[in-house]
Amino acid sequence: MPRPANEPHPHAATLRRLEQSSGRLAANAIALMDETLPWYRAMPPENRSWIGLVAQAGVAAFTEWFRRPERPQAISTDVFGTAPRELTRAITLRQTVEMVRTTIEVVESAVEEIAAPGDEAVLREALLVYAREIAFATAQVYAQAAEARGAWDARLESLVVNAVLSGEADEGAVSRAAALGWTNPEHVCVLLGTAPEGDSELTVEAIRRAARHARLQVLTGVFGNRLVVVAGGSDNPLQVAKGLIGPYAAGPVVAGPVVPDLQSATRSAQAAAAGLRACAAWQDAPRPVLADDLLPERAIAADPAAREQLVEEIYRPLEEAGSALLETLSVYLEQASSLEGAARMLFVHPNTVRYRLRRVTDVTGWSPSDVRSAFTLRIALILGRLADADVQF
């Protein structure tokens, strides 16, 4: 039951001594921190002064708590409210615990001196209970700060990933990514797929765990039903996708091409998005799949970047290599990939056709004898001829 305000304190002499000693106890706590805590000595003067205020507030809060232990006390406000919120960034939770422990030790060592005769056990027990309360308050302060930082970081990360998706990844996005710990790795690619149902924060955390295991840097987020990952640190996008595919829901996962930095990641994101839309046309596509492996489907689905890439990376090199390669490839594909049929149509020996097809593979990186590659080559030939004919597509 609360004690009436006009009723004398049962340990008035001890309370009076504690009030008189509070300044000295705080000074002794600061001196002991300076003597025993190297991190405290290394801090700038401004932060040391804030810690001194926290120590003083801690002793004052204990005095007030001893005065009326039955009254609810907002210890976190009384003690930590004296310092700016930025202090939780300047000192770690471990360092704060060491600071609190040092202050409690100083007060505890002075119990015999402060307590009135016969009150030593009372004061010591009060200090023990108060130490428990201040420990809970410390944990609460850092938990709230962590929650606030986590929410802010999540919004910041969402802004960066959205900038990559929308083509607005400028210097500002790079600066925001740096604030999240992104160190601007040389190789960056974007992964797109379906997000699982449920808590998106759990999905994001699962991606981060997978990234740590794969030693990759990631910026990630769930946008609608899509799970987007901007990954840095590897020049092999397929390997990146395999390492991070676990948290994705069932369905295709597409990896965009590797680009040199975050500002260029829009190109990778656009390719991955176009590949994800076109995946329905290739029912046997592997999972994960590279956006570049979906070039023919993307081209048919009216992706201008894919059409340009097929013309510039396949048709133009073949054209520059000589008309014989283009003609041989075209006839070979028209003859259902028959060497003998193509040789008869071209009036050459089958070995000549075989040699020219090897040259096609060397020039383009796509083998006409592979069914999937042949399909890609055929689409590239069609688009190249349309381009030469100046047909708008």
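An unreviewed UniProt entry lists the chain under the name Fatty acid biosynthesis transcriptional regulator FasR, from Streptomyces tremellae. What UniProt records for the chain under Sequence similarities (unreviewed entry) is the sentence "Belongs to the CdaR family."

Q: Please give an account of the overall build of the chain that cites residues and values.
A: Helices and strands together make up the secondary structure of the chain, namely 18 helices and 5 strands. Taken across its 393 residues, the chain has 44% of its residues classed as buried. Counting only contacts in the chain whose residues sit at least 6 apart along the sequence, the fraction spanning at least 24 positions is 68%.

Q: Describe unusual backbone geometry, naming the residues involved and giving the relevant values.
A: Here the bond from Arg287 into Pro288 is cis, since omega is 0°, no more than 30 degrees from zero. Secondary-structure assignment places Pro288 in the loop between helix H12 (265-278) and strand S5 (289-290). You will see that Arg215, though not glycine, has its phi angle at about 60°, which is positive. Looking at where Arg215 falls in the secondary structure, it is placed in the loop between helix H10 (200-214) and strand S2 (217-223). The phi dihedral of Ser337 is positive, around 60°, even though this residue is not glycine.

Q: Lay out the sheet that holds S2 in plain terms, naming residues and giving numbers.
A: With respect to topology, 5 strands assemble into an open sheet ordered S2-S3-S1-S4-S5, the strand pairing being mixed. Each of the sheet's edge strands pairs with one partner strand only, and the pair in question is S2 and S5. Bridge count for S2 against strand S3 (residues 226-232) is 7 bridges, and the pairing is antiparallel. Along S3, the bridge assignment pairs Phe223 with Arg226. Contacts from H10 reach S2 and S3, with the element oriented near 160° to S2.

Q: Give me the lowdown on the packing of aromatic side chains, citing residues and values where you can.
A: Evaluated as defined, the whole model comprises 1 aromatic pair. Ring geometry for Trp39 against Tyr40: centres 6.3 Å apart, planes inclined by 85°, an arrangement best described as edge-to-face. Like Trp39, the residue Tyr40 is buried in the burial classification. Its guanidinium or amino end placed over the ring of Trp282, Arg372 lies 3.5 Å from that ring's centre, counting from NZ or CZ.

Q: Give me the packing of helix H14 (residues 304-321) against helix H15 (residues 323-334): which residues, what numbers.
A: When two helices pack together, their arrangement is given by the angle between their axes and by how far apart the axes lie. Closest axis-to-axis distance for the H14/H15 pair is 5 Å, and the angle between their directions is 125°. In terms of orientation, H14 and H15 fall into the oblique class. Residue-level contacts link Tyr315, Leu318, Glu319 and Ala321 of H14 to Leu325, Leu326 and Leu329 of H15.

Q: Summarise the pattern of salt bridges; cite the residues concerned and give the values.
A: Applying the stated rule across the entire model yields 9 salt bridges. Among the salt bridges present, the one from Arg208 reaches Glu157, with a minimum N-O distance of 2.3 Å. Note that Arg208 is positioned in helix H10 and Glu157 in helix H8 (residues 120-166), a separation of 51 residues in sequence. According to the relative accessible area criterion, Glu157 is buried, its value standing at 5%. The salt bridge involving Asp388 is made with Arg316; its shortest N-O contact spans 2.7 Å.

Q: Give me the lowdown on the pairing of strand S1 (residues 188-194), citing residues and values where you can.
A: Side chains on a regular strand alternate between the two faces of the sheet. The element S1 is largely enclosed, with a buried count of 6 among its 7 residues. Judged from the 7 bridges that link them, S1 and S3 form a sheet pairing that is antiparallel. When the sheet's bridge partners are listed, Cys189 is paired in S3 with Ala231. Here 3 bridges tie S1 to strand S4 (residues 253-255), and the two strands are oriented antiparallel to one another. Each residue of the ladder has a partner; that of Gly193, found in S4, is Val253.

About the criteria used
- Residues numbered from 1 in each chain as written.
- Predicted model: local features only at pLDDT ≥ 70, side-chain atom pairs only at ≥ 80, totals over all residues.
- Heavy atoms only, no water.
- UniProt positions renumbered as here; feature names shortened; annotations may be inferred.
- Helix = DSSP H or I, 4+ residues; strand = E, 2+ residues; numbered from the N terminus.
- Buried < 20%, exposed > 50% of the residue type's maximum accessible area, 1.4 Å probe, protein only.
- Contact = heavy atoms within 4.5 Å.
- Pairing = 2+ DSSP bridges.
- Axes fitted to C-alpha atoms, helices over the stretch in contact; angles between N-to-C directions.
- Phe/Tyr/Trp six-rings, centres within 6.5 Å; stacked < 30°, edge-to-face > 60°.
- Lys NZ or Arg CZ within 6 Å of the ring centre and 35° of its normal.
- Parallel < 35°, antiparallel > 145°, perpendicular 65-115°, else oblique.
- Salt bridge = Lys/Arg side-chain N within 4 Å of Asp/Glu carboxyl O.

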